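Residue-level structure breakdown
The lines below spell out each chain.
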Amino acid sequence: MRFVGTLKTWDDDQGMGTIEPQGGGQGLFVRISAFPGDAQMPHVGEALSFEVELSASGRKQAVRVRRQADTGSSAARSRTAARAAAANAQRRNWMVGTAVAVLLTTVGGLALMRHYEPEASAKFAALNAELKPEAPAPVQQADKAHAKPAAKPASLKH
């Protein structure tokens, strides 16, 4: 059996609150998991329909909560919009802060590289000279048209 009521209290951090049934009666405990998964946070004053079940501890609690067509006062909607705007601003601030941190790290790295580049270049050149053997002198090829025939080695002469 479905009942109708209004969300009287809500704690975003705890994800729980109380619903006051329409027509009076005892307030019912409600968890965030009882709400539809529409990514919309509950807000105080919101009109709801719900079913009642006993919890493991024997207390009555609201389950299978649905939002009514009347979503509450304009003040409640304004608070929800303000929360969404604050979350967007926080996300934007995080992105800007991350971009600034990356930029500063890059600029700092480039500055250090320029500072140590002459010293590193000299060390690299010295190390390269130590490891690299000297290349043999290039052999010059004579022009074949004007070249004299090579003398035969003594061992091949008769």
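Use the structure listed above.
Residues numbered from 1 in each chain as written. Predicted model: local features only at pLDDT ≥ 70, side-chain atom pairs only at ≥ 80, totals over all residues. Heavy atoms only, no water.

Comments concerning the side chain of E51
The criterion, for reference: Helix and strand assignments follow DSSP, with helices taken as H or I runs no shorter than four residues and strands as E runs no shorter than two, numbered in order from the N terminus. Nitrogen and oxygen atoms within 3.5 Å of one another constitute a polar contact, given that in protein one can donate a hydrogen and the other can accept it, and given that sequence-neighbouring residues count only through two side-chain atoms. It only takes one pair of heavy atoms within 4.5 Å for two residues to be counted as in contact.
With respect to the secondary-structure elements, E51 resides in strand β4 (residues 47-54). Among the polar contacts listed, one links the side chain of E51 to the side chain of R2, at a separation of 3.2 Å. What E51 contacts, discounting residues up to four positions off in sequence, is M1, R2, Q61, A62, V63 and R64.

Brief notes about the pattern of salt bridges
The following threshold applies: Salt bridges, as used here, are contacts in which a Lys or Arg side-chain nitrogen is within 4 Å of a carboxyl oxygen on Asp or Glu. Three labels apply to residues, based on accessible area from a 1.4 Å probe with only protein chains included: buried if under 20% of the type maximum, exposed if over 50%, partly exposed otherwise in between.
Tallying each qualifying case throughout the model produces four salt bridges. For E51, the salt bridge goes to R64, with nearest N and O atoms at 2.9 Å. Placement of the pair is E51 in strand β4 and R64 in strand β5 (residues 60-67), with a sequence separation of 13 residues. The residue R64 makes a salt bridge to E53 at a minimum N-O spacing of 2.6 Å. Residue R64 is located in strand β5, and its partner E53 is located in strand β4; the two are separated by eleven residues in the primary sequence. A relative accessible area of 43% places R64 in the partly exposed class. Shared partners join several salt bridges into a network, and the residues in it are R2, E51, E53 and R64.

Considerations on the packing of aromatic side chains
The condition that has to hold: Centres within 6.5 Å are what make two rings of Phe, Tyr or Trp a pair, Trp counting through its six-membered ring; a difference in plane orientation under 30 degrees is then read as stacked, over 60 as edge-to-face, and the rest as tilted. Lysine and arginine charges are scored as sitting over a ring when NZ or CZ, respectively, is within 6 Å of the ring centre and within 35 degrees of the ring normal.
One pass over the full model with this rule turns up two aromatic pairs. With 5.6 Å between their ring centres and 75° between their planes, W10 and F35 make a pair best called edge-to-face. Residue W10 is located in strand β1 (residues 2-11), and its partner F35 is located in the loop between β3 (28-31) and β4; the two are separated by 25 residues in the primary sequence. Accessibility assignment for this pair places W10 and F35 in one class, buried. Across the ring face of F29, the terminal group of R59 is positioned such that the distance to the ring centre comes to 5.3 Å.

Brief notes about the pairing of β3
Condition: Between any two strands, pairing holds if DSSP finds at least two bridges.
Sheet topology note: the strand β2 (residues 16-21)/β3 ladder contains four bridges and is antiparallel. Pairing of G17 across the sheet is with V30, part of β3. The hairpin formed by β2 and β3 contains six residues between the paired strands, and G23 there has a positive phi angle of roughly 90°.

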